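So you can see what is in the structure, the chains are spelled out below.
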Amino acid sequence: MSNGAPAATYELRHIENWHAESDAMAEAIRAHARSVGPLEILEAGCGQAWPLDLDGVDYRLTGIDADPEALAMRVEGGDLDVALEGDLRTVELPESKFDVIFNSFVLEHVDGATQVLDNFVRWLKPGGLLLIRLPDRESVYGFAAATTPHWVHVWYKRYIVGNPNAGKPGHEPYPTVYDEVVSRSGFDTYCREAGLEAVDRWKFPLANLEEGFRTKATVVGAKLIAGASFGRLSGDHMWLTYILRKPGVDSSSADAPSDVT
C-alpha cells in the first residue's frame, strides 16, 4: 500500500513518554464519553491488562484475543465485561456496535492487517473513535523488528529486557508479519481511502523510551542506519499512535479533526 503513496504533508508531534501517551488516549475517550454518554469499548487484541485509566467513565469493555492463555489471565483479572477468544480477521461482531475501539501493538502480528482495519471501521458507530498504536516499518526500529527472526525477539526480551516469561504461552513477543499497512505511508493511505478523520496523531521518539546507556546507544545506531538507508528509513521514532474518528452524525461533537494526508 505504501508503494506510490504520496508523501505525508504533516508533521507528527512528539509525545513525552509512555505515561503522557496513555493519558492523551484516555482523555480522548473521556471527551467522547462526555458527548455521547456511556461507552461500548472494544479492546481488539486485549492481552493481559487494560492500559488506560478511565476512572469515572461509564463504559462496558469487550476484549478479544487469539491467545487463549493471555485471555485466561485477563479474565482472571476481572476487568472485562465480555471476553472473546477469536481472530480479528474472522470474528463476527455487530456492525456499528462500539463507540471506541482500542488496538495496541497488534496489527504487526497479523497477516491480513487491512482486513482487520476494515472490520474496525465496520464495528465502529458513526462518530466512533479508533485508537491505534503500531510500529512503523518505515522506521529503523520497525524495519529491524520486521526482518529479524522471531527467536531474536524472544532472546532480546528475555536476556536484555529481563522478562523470563518472554515467548512462553500467553506472553509476548509474538511472531511478526508487518503488512504494508503497518507503516506511516501505508496506514495514512488506508485512513484516507477509508475516510477516517484524524483527531490526533504522534510518534514515540526512541530517545524517550528510558534513561541509560542502552537507549543512547540505540539512538546513535538508529541514526547511522537511517543515514545509510538514504532517507528510506526514519531513525527518530519507535512507533506511531493515531486517534481517528469514523465520520458520522456524532463527529461534530468533538474537536474538529484534520484530514489524514
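Preceding block: the structure.
Below: a short report on this structure. Every value quoted in this text rests on a predicted model; they were computed, and no experiment measured them.

**Observations regarding the overall build of the chain**
A tally of regular secondary structure across the chain gives 7 helices and 9 strands. Here the chain, with 261 residues, has 46% of them falling under the buried criterion. Pairs at least 24 apart in sequence give 73% of the contacts found in the chain among residues at least 6 apart. Counting only carbon and sulfur atoms, one obtains 54% of the accessible surface of the chain, whose full area is about 12500 Å².

**Brief notes about the pattern of salt bridges**
A full pass over the atoms with the stated rule returns 9 salt bridges. Between glutamate 21 and arginine 133 there is a salt bridge; the shortest N-O distance is 2.7 Å. Separated by 112 residues along the polypeptide, glutamate 21 in helix α1 (residues 18-36) and arginine 133 in strand β6 (residues 124-135) bring together distant segments of the chain. By the burial criterion, glutamate 21 is buried, and arginine 133 matches it. Three or more residues joined by partner-sharing salt bridges are found here, namely Glu43, Arg74 and Asp79.

**Quick look at the pairing of β6**
The buried fraction of β6 is high, at 10 of 12 residues. By the bridge criterion, 6 bridges tie strand β5 (residues 98-104) to β6 in an arrangement that is parallel. Opposite serine 104, over in β6, you have arginine 133 as the bridge partner. In terms of handedness, the path from β5 via helix α3 (residues 113-123) over to β6 forms a crossover that is right-handed. Bridge count for β6 against strand β8 (residues 237-245) is 7 bridges, and the pairing is antiparallel. Looking at β8, one finds that leucine 129 is bridged to arginine 245.

**Some remarks on the packing of aromatic side chains**
Using the criterion set out here, one finds 8 aromatic pairs in the structure. With a centroid separation of 5.7 Å and 85° between ring planes, the pair formed by tryptophan 18 and tryptophan 239 is classed as edge-to-face. Note that tryptophan 18 is positioned in helix α1 and tryptophan 239 in strand β8, a separation of 221 residues in sequence. Judged by relative accessible area, tryptophan 18 falls into the partly exposed class, the value being 36%. Ring plane angle 50° and centroid distance 6.3 Å describe the contact between tryptophan 155 and tyrosine 159, whose orientation is recorded as tilted. In this pair, tryptophan 155 and tyrosine 159 are both assigned in helix α5 (residues 150-161), 4 residues apart and thus about one turn of the helix distant. Overall, the relative accessible area of 57% leaves tyrosine 159 in the exposed class.

Reading guide: rules and limits
- Residues numbered from 1 in each chain as written.
- Predicted model: local features only at pLDDT ≥ 70, side-chain atom pairs only at ≥ 80, totals over all residues.
- Heavy atoms only, no water.
- Helix = DSSP H or I, 4+ residues; strand = E, 2+ residues; numbered from the N terminus.
- Buried < 20%, exposed > 50% of the residue type's maximum accessible area, 1.4 Å probe, protein only.
- Contact = heavy atoms within 4.5 Å.
- Areas by Shrake-Rupley, 256 points an atom, 1.4 Å probe, with all protein chains shown as cover.
- Salt bridge = Lys/Arg side-chain N within 4 Å of Asp/Glu carboxyl O.
- Pairing = 2+ DSSP bridges.
- Right-handed = clockwise from strand over helix to strand, strands pointing away.
- Phe/Tyr/Trp six-rings, centres within 6.5 Å; stacked < 30°, edge-to-face > 60°.

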